[in-house]
Amino acid sequence: MENKIKDINDCYTLNNGVKIPCVAYGTYKAADGKSAEIIRTAIEAGYRYFDTAAFYHTEEYLAEAIKESGIPREEFFIASKLWKDDMGYEETKKAFAETLRNLQTDYVDLYLIHWPLPAPDYKDWKRLDLDCWRAMEELYEEGKIKAIGLSNFLPHHIENILEHCKIKPAVNQLEIHPGYSQEAAVRYCEEHDIRVQAWSPIGRQRVLKEELVVELAEKYHVSPAQICLRYSVQRGIIPLPKSSSMERMIQNQDLFSFEIEKEDMYRLETMPQAGWSGEHPDRERVYFE
Ligand code: NAP
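No experiment lies behind these values; they were computed from the predicted model shown.

Turning our attention to the environment of Lys 168. The topology assignment puts Lys 168 in the loop between α5 (155–164) and β8 (171–175). Exposure remark for Lys 168: the relative accessible area of 37% places this residue in the partly exposed category. When residues no more than four places from it in sequence are discounted, the contact partners of Lys 168 are Asn 15, Trp 133, Ile 148, Leu 162, His 192 and Asp 193. Reaching out from Lys 168, the side chain makes a polar contact with the backbone oxygen of His 192 at a distance of 2.7 Å.

Structure follows, in structure tokens:
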């Protein structure tokens, strides 16, 4: 299947049969100027899969840009997420209704629980996750969500869902880039037919000057960002790069004209930790500087 992926809008098939493009455009901070301009540019650049979240406050701008594009809704793949403050059965239903209103649509293609715990010291997270999941399963059965999934869930969080769910999670979105390979969580998801996605796939620029990334960019005649994104694609992971300029958006789609050799993939997978965001679901956030 992975061999057939040749373009950012080529699709994988999720465990429920839904087709999902192999690269998304990430909308976090894509509307900081309080305008739909950057997302409009991303549509023009060819992206059709948009990753948003209630927390990003970009749902409304995405809706505006899609409307203005004149491209039918069905040609887009829209993913959004349930924020930490909205966890719970009734809360999930309410938050999802707000997301649909913001997006001016009657369904989303993918809806994720943003984090498994509202705070690292939250003891009753297993029950809370299951309450959210039950609400999402109902919304899925009503046809309002085409696929349901997780974000920032590690194997011990996913086990809880798998033990009690009616509908299995279709995806899990994790921080993944060279220097943060999340090997254990990726392997677990693959074993359970859960498609992995990479957030901060270029480490929010923190890994672009890493020695190995620079060396491989020179070797393959591409940019360090392309090495990071190709690294995800070759692992069968869906990267969600965000960028603000047409030039970078286009560069970030040029991922199929080169292939990273096996030995170099091993080197990228095993390089010392670099560019970690400081976020972990079970820990207080670490701030660097
Ligand atoms: P990212 O995509 O790794 O990095 C974005 C940064 O890299 C921006 O500063 C961008 O600059 C720059 N950039 C983009 N393309 C470049 C290129 N070709 N060369 C050099 N620099 C380049 O980080 P992210 O925004 O944190 O993550 C991407 C998406 O993942 C988010 O938008 C969001 O959808 C998702 N996400 C999810 C979670 C979660 O908890 N599930 C957490 C974080 C993010 P310019 O904008 O100036 O081009």
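Counted under the stated rule, the structure contains 20 salt bridges. Note that Asp 51 and Lys 81 form a salt bridge whose closest N and O atoms lie 2.7 Å from each other. Separated by 30 residues along the polypeptide, Asp 51 in strand β4 (residues 49–51) and Lys 81 in strand β5 (residues 77–82) bring together distant segments of the chain. Each member of the pair, Asp 51 together with Lys 81, is buried. Salt-bridge contacts for Asp 264 lead to Lys 219; the nearest nitrogen and oxygen are separated by 2.8 Å. Of this pair, Asp 264 sits in helix α10 (residues 262–270) while Lys 219 sits in helix α7 (residues 211–220); the two residues are 45 residues apart in sequence, bridging distant segments of the chain.

One can find Ala 24 in the loop between β2 (19–21) and β3 (25–26). Residue classification places Ala 24 among the buried residues on the basis of a relative accessible area of 0%. Each C-alpha atom, one on Ala 24 and one on Ile 202, is 13 Å from the other, the two residues being 178 residues apart in sequence. Contact partners of Ala 24, with chain neighbours within four places excluded, come to Tyr 47, Tyr 49, Ile 238, Pro 239, Leu 240 and Pro 241.

Calculation notes
- Within every chain, residues take consecutive numbers counted from 1 along the sequence as written.
- Totals for whole chains, interfaces and linings use every residue, but because this is a predicted model, local features are given only for residues with pLDDT of at least 70 and side-chain atom pairs only at 80 or more, for both listing and counting.
- Remark: hydrogens and water are excluded; side-chain values derive from all non-hydrogen atoms of the structure.
- Elements are defined by DSSP. Helices are runs of H or I of four residues or more, strands are runs of E of two residues or more, and each kind is numbered from the N terminus.
- Burial classes: relative accessible area under 20% of the type maximum marks a residue as buried, over 50% as exposed, and values in between as partly exposed (1.4 Å probe, protein chains only).
- It only takes one pair of heavy atoms within 4.5 Å for two residues to be counted as in contact.
- Polar contacts, as used here, are pairs of N or O atoms within 3.5 Å; protein pairs need one atom able to donate a hydrogen and one able to accept it. Residues neighboring in sequence count only if both atoms are side-chain atoms.
- The working definition used for a salt bridge is a side-chain nitrogen of Lys or Arg within 4 Å of a carboxyl oxygen of Asp or Glu.

Geometry only, nothing functional implied.
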